[in-house]
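Observations on the three-dimensional arrangement
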Amino acid sequence: GDSVTQMEGPVTLSEEAFLTINCTYTATGYPSLFWYVQYPGEGLQLLLKATKADDKGSNKGFEATYRKETTSFHLEKGSVQVSDSAVYFCALSGRHSGNTPLVFGKGTRLSVIA
Amino acid sequence: EPEVTQTPSHQVTQMGQEVILRCVPISNHLYFYWYRQILGQKVEFLVSFYNNEISEKSEIFDDQFSVERPDGSNFTLKIRSTKLEDSAMYFCASSEFGTGGSYNEQFFGPGTRLTVL
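Residues numbered from 1 in each chain as written. Chains lettered and ligands numbered in written order. Predicted model: local features only at pLDDT ≥ 70, side-chain atom pairs only at ≥ 80, totals over all residues. Heavy atoms only, no water.

A few words on the state of the cysteines. As enumerated under the stated definition, the model contains 2 disulfides over all chains in all. Each sulfur of the disulfide joining Cys23(A) and Cys90(A) lies 1.9 Å from the other. Note on the Cys23(A) and Cys90(A) pair: the S-S dihedral is about -70°, so by sign convention the disulfide is left-handed. With a gap of 67 residues between them, Cys23(A) in strand S4 (residues 23-26) and Cys90(A) in strand S10 (residues 86-93) connect regions that are remote in the sequence. Note on accessibility: Cys23(A) and Cys90(A) belong to one class, buried. The disulfide partner of Cys23(B) is Cys92(B), and the S-S distance across this bridge is 1.9 Å. With the S-S dihedral at roughly -65°, the linkage between Cys23(B) and Cys92(B) falls on the left-handed side. Pair noted here: Cys23(B) is in strand S3 (residues 19-24) and Cys92(B) is in strand S9 (residues 88-95), with a separation of 69 residues, a long-range link. Both residues of the pair, Cys23(B) and Cys92(B), count as buried. (Disulfide = S-S within 2.5 Å. Helix = DSSP H or I, 4+ residues; strand = E, 2+ residues; numbered from the N terminus. Buried < 20%, exposed > 50% of the residue type's maximum accessible area, 1.4 Å probe, protein only.)

The next subject is the sheet that holds strand S8 (residues 62-65) of chain A. Residues and elements named next belong to chain A. The sheet built from 4 strands is open, its strands ordered S3-S9-S8-S7 with antiparallel pairing. The two strands at the open ends of the sheet, each matched to only one other strand, are strand S3 (19-21) and strand S7 (56-59). When strand polarity is set aside, the average angle formed by the axes of neighbouring strands in this sheet is 15°. Sheet topology places S7 next to S8; 4 bridges connect them, and they run antiparallel. Note that in S8 the partner of Lys 56 across the bridge is Thr 65. (Pairing = 2+ DSSP bridges. Axes fitted to C-alpha atoms, helices over the stretch in contact; angles between N-to-C directions.)

See the structure below:
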(Lines give C-alpha, C1' and ligand atoms only; values in the text may rest on other atoms or scores of the structure.)
Protein backbone atom coordinates (compact mmCIF):
# COMPACT_ATOMS: atom_id res chain seq x y z
CA GLY A 1 0.00 0.00 0.00
CA ASP A 2 0.88 3.66 -0.01
CA SER A 3 3.45 4.83 2.51
CA VAL A 4 5.48 7.86 3.56
CA THR A 5 8.95 7.87 5.09
CA GLN A 6 10.40 11.00 6.62
CA MET A 7 13.62 11.68 8.41
CA GLU A 8 13.76 10.87 12.07
CA GLY A 9 13.99 13.68 14.53
CA PRO A 10 14.42 15.53 16.62
CA VAL A 11 16.13 18.24 14.65
CA THR A 12 17.67 21.14 16.55
CA LEU A 13 18.78 24.25 14.67
CA SER A 14 19.94 27.73 15.54
CA GLU A 15 17.81 30.65 14.44
CA GLU A 16 18.42 31.65 10.79
CA ALA A 17 19.82 28.22 9.90
CA PHE A 18 18.73 26.38 6.75
CA LEU A 19 16.21 23.60 7.22
CA THR A 20 15.68 20.43 5.23
CA ILE A 21 13.36 17.65 6.32
CA ASN A 22 13.47 14.72 3.94
CA CYS A 23 10.32 12.90 2.83
CA THR A 24 9.97 10.06 0.36
CA TYR A 25 6.86 8.19 -0.61
CA THR A 26 5.62 4.99 -2.16
CA ALA A 27 2.32 5.09 -4.00
CA THR A 28 0.56 3.68 -6.99
CA GLY A 29 -0.55 6.25 -9.46
CA TYR A 30 -0.02 9.94 -8.89
CA PRO A 31 -0.69 11.02 -5.32
CA SER A 32 -1.10 14.50 -3.95
CA LEU A 33 1.56 15.42 -1.38
CA PHE A 34 1.31 17.54 1.76
CA TRP A 35 3.22 18.92 4.67
CA TYR A 36 1.30 19.39 7.91
CA VAL A 37 2.63 21.19 10.99
CA GLN A 38 1.61 20.74 14.60
CA TYR A 39 2.46 23.51 17.05
CA PRO A 40 2.41 22.65 20.76
CA GLY A 41 -1.11 22.08 22.04
CA GLU A 42 -2.71 22.50 18.63
CA GLY A 43 -4.03 20.30 15.84
CA LEU A 44 -2.28 19.45 12.60
CA GLN A 45 -2.42 22.36 10.15
CA LEU A 46 -1.86 22.15 6.44
CA LEU A 47 1.39 23.93 5.67
CA LEU A 48 1.66 23.37 1.92
CA LYS A 49 0.68 20.95 -0.81
CA ALA A 50 1.49 19.86 -4.36
CA THR A 51 -0.80 17.88 -6.58
CA LYS A 52 1.36 16.94 -9.56
CA ALA A 53 4.94 16.29 -10.53
CA ASP A 54 7.26 19.34 -10.49
CA ASP A 55 4.72 21.42 -8.58
CA LYS A 56 6.22 23.51 -5.80
CA GLY A 57 4.15 24.15 -2.70
CA SER A 58 5.09 27.13 -0.57
CA ASN A 59 3.84 28.91 2.53
CA LYS A 60 5.37 30.98 5.36
CA GLY A 61 8.82 30.70 3.79
CA PHE A 62 8.64 26.90 3.56
CA GLU A 63 8.88 25.15 0.19
CA ALA A 64 8.65 21.61 -1.12
CA THR A 65 8.84 20.33 -4.70
CA TYR A 66 7.04 17.21 -5.91
CA ARG A 67 9.79 15.07 -7.47
CA LYS A 68 8.28 12.09 -9.24
CA GLU A 69 11.64 10.72 -10.43
CA THR A 70 12.95 10.44 -6.87
CA THR A 71 9.51 10.01 -5.22
CA SER A 72 10.38 12.80 -2.82
CA PHE A 73 8.82 15.91 -1.31
CA HIS A 74 11.51 17.42 0.89
CA LEU A 75 10.60 20.42 3.07
CA GLU A 76 12.99 23.37 3.07
CA LYS A 77 13.24 26.79 4.64
CA GLY A 78 16.09 29.18 4.12
CA SER A 79 16.10 30.79 7.55
CA VAL A 80 14.22 29.26 10.45
CA GLN A 81 12.81 31.17 13.40
CA VAL A 82 12.11 30.13 16.97
CA SER A 83 8.41 30.25 16.12
CA ASP A 84 8.94 27.42 13.59
CA SER A 85 9.51 24.98 16.44
CA ALA A 86 6.88 22.30 15.89
CA VAL A 87 6.34 18.78 14.61
CA TYR A 88 6.23 18.46 10.82
CA PHE A 89 4.35 15.65 9.08
CA CYS A 90 4.69 14.61 5.47
CA ALA A 91 1.55 13.04 4.02
CA LEU A 92 0.01 11.84 0.79
CA SER A 93 -3.43 11.32 -0.62
CA GLY A 94 -3.65 8.51 -3.10
CA ARG A 95 -6.54 10.05 -4.96
CA HIS A 96 -6.70 13.53 -6.43
CA SER A 97 -10.23 14.44 -5.63
CA GLY A 98 -12.75 14.60 -2.89
CA ASN A 99 -12.46 13.43 0.65
CA THR A 100 -9.68 10.90 0.79
CA PRO A 101 -7.84 9.58 3.84
CA LEU A 102 -4.32 10.83 4.31
CA VAL A 103 -1.28 8.58 4.71
CA PHE A 104 1.22 10.17 7.09
CA GLY A 105 4.84 9.81 7.99
CA LYS A 106 5.99 9.60 11.62
CA GLY A 107 6.59 13.30 12.01
CA THR A 108 9.81 15.22 12.63
CA ARG A 109 10.17 17.42 15.68
CA LEU A 110 12.01 20.66 14.98
CA SER A 111 13.41 22.81 17.76
CA VAL A 112 14.87 26.20 16.87
CA ILE A 113 17.01 27.90 19.47
CA ALA A 114 17.79 31.61 19.64
CA GLU B 1 -11.39 31.36 12.93
CA PRO B 2 -13.41 28.15 13.09
CA GLU B 3 -11.57 25.15 14.51
CA VAL B 4 -12.07 21.51 15.38
CA THR B 5 -12.20 20.85 19.10
CA GLN B 6 -11.71 17.58 20.97
CA THR B 7 -12.48 16.49 24.50
CA PRO B 8 -11.00 15.38 26.75
CA SER B 9 -7.41 16.32 26.07
CA HIS B 10 -6.23 13.32 28.09
CA GLN B 11 -8.19 10.20 29.05
CA VAL B 12 -6.88 7.50 31.34
CA THR B 13 -8.80 4.24 31.53
CA GLN B 14 -8.46 0.67 32.70
CA MET B 15 -8.09 -2.16 30.21
CA GLY B 16 -11.48 -3.54 29.24
CA GLN B 17 -13.36 -0.32 29.89
CA GLU B 18 -15.34 1.57 27.29
CA VAL B 19 -14.22 5.05 26.28
CA ILE B 20 -15.86 7.71 24.17
CA LEU B 21 -13.75 10.39 22.56
CA ARG B 22 -15.57 13.51 21.47
CA CYS B 23 -15.03 15.93 18.65
CA VAL B 24 -16.83 19.04 17.48
CA PRO B 25 -16.08 19.52 13.77
CA ILE B 26 -16.22 22.84 11.96
CA SER B 27 -19.88 23.69 11.65
CA ASN B 28 -20.35 23.71 7.87
CA HIS B 29 -18.22 20.64 7.26
CA LEU B 30 -19.89 17.39 6.25
CA TYR B 31 -17.02 14.89 6.17
CA PHE B 32 -15.41 13.65 9.35
CA TYR B 33 -12.37 11.51 10.15
CA TRP B 34 -10.57 9.82 12.99
CA TYR B 35 -6.82 9.15 12.95
CA ARG B 36 -4.55 7.87 15.66
CA GLN B 37 -0.84 8.01 16.45
CA ILE B 38 0.74 5.45 18.72
CA LEU B 39 3.78 6.97 20.41
CA GLY B 40 6.76 6.94 18.09
CA GLN B 41 4.76 5.65 15.14
CA LYS B 42 2.94 7.10 12.18
CA VAL B 43 -0.38 8.89 12.19
CA GLU B 44 -2.82 6.24 10.91
CA PHE B 45 -6.25 6.64 9.35
CA LEU B 46 -9.07 4.91 11.21
CA VAL B 47 -12.37 5.91 9.63
CA SER B 48 -14.20 8.53 7.64
CA PHE B 49 -17.87 9.40 7.99
CA TYR B 50 -20.36 11.17 5.78
CA ASN B 51 -24.12 11.48 5.71
CA ASN B 52 -24.49 9.49 8.91
CA GLU B 53 -22.60 6.48 7.73
CA ILE B 54 -19.05 5.21 7.46
CA SER B 55 -17.49 6.15 4.16
CA GLU B 56 -14.16 4.34 4.51
CA LYS B 57 -12.39 2.46 7.27
CA SER B 58 -8.98 0.95 7.73
CA GLU B 59 -8.13 -2.54 8.94
CA ILE B 60 -7.43 -1.04 12.35
CA PHE B 61 -11.09 -0.07 12.71
CA ASP B 62 -12.47 -3.40 13.87
CA ASP B 63 -15.64 -4.30 15.77
CA GLN B 64 -14.28 -2.73 18.95
CA PHE B 65 -14.57 0.70 17.38
CA SER B 66 -17.66 2.64 16.41
CA VAL B 67 -18.41 6.19 15.37
CA GLU B 68 -21.51 8.27 15.73
CA ARG B 69 -22.83 11.73 15.14
CA PRO B 70 -25.35 11.84 17.98
CA ASP B 71 -26.49 15.39 17.33
CA GLY B 72 -25.84 18.23 14.94
CA SER B 73 -22.47 19.15 16.35
CA ASN B 74 -20.65 16.23 17.98
CA PHE B 75 -18.78 13.37 16.33
CA THR B 76 -17.69 10.55 18.63
CA LEU B 77 -15.35 7.58 18.56
CA LYS B 78 -16.20 4.75 20.92
CA ILE B 79 -13.87 1.95 21.89
CA ARG B 80 -15.94 -0.79 23.51
CA SER B 81 -13.33 -2.70 25.46
CA THR B 82 -9.99 -0.96 25.52
CA LYS B 83 -6.70 -2.81 25.17
CA LEU B 84 -3.23 -1.69 26.16
CA GLU B 85 -2.37 -1.27 22.49
CA ASP B 86 -5.17 1.29 22.07
CA SER B 87 -3.02 3.79 23.97
CA ALA B 88 -2.39 6.55 21.44
CA MET B 89 -3.15 10.11 20.45
CA TYR B 90 -6.48 10.24 18.61
CA PHE B 91 -7.06 13.05 16.13
CA CYS B 92 -10.39 14.11 14.74
CA ALA B 93 -10.58 15.99 11.44
CA SER B 94 -13.30 17.50 9.29
CA SER B 95 -13.57 18.78 5.75
CA GLU B 96 -16.06 20.14 3.30
CA PHE B 97 -17.64 17.66 0.96
CA GLY B 98 -16.99 17.91 -2.74
CA THR B 99 -16.99 15.75 -5.82
CA GLY B 100 -14.82 18.03 -7.88
CA GLY B 101 -11.22 17.51 -8.85
CA SER B 102 -9.65 19.36 -5.96
CA TYR B 103 -8.59 18.07 -2.59
CA ASN B 104 -10.81 19.13 0.30
CA GLU B 105 -8.50 20.21 3.09
CA GLN B 106 -8.86 18.31 6.32
CA PHE B 107 -8.83 20.46 9.46
CA PHE B 108 -7.53 18.68 12.53
CA GLY B 109 -8.28 18.98 16.21
CA PRO B 110 -5.55 19.05 18.88
CA GLY B 111 -6.04 15.39 19.74
CA THR B 112 -7.01 13.28 22.74
CA ARG B 113 -4.28 11.31 24.42
CA LEU B 114 -5.70 7.96 25.51
CA THR B 115 -3.78 5.97 28.10
CA VAL B 116 -4.94 2.43 28.81
CA LEU B 117 -3.59 0.90 32.02
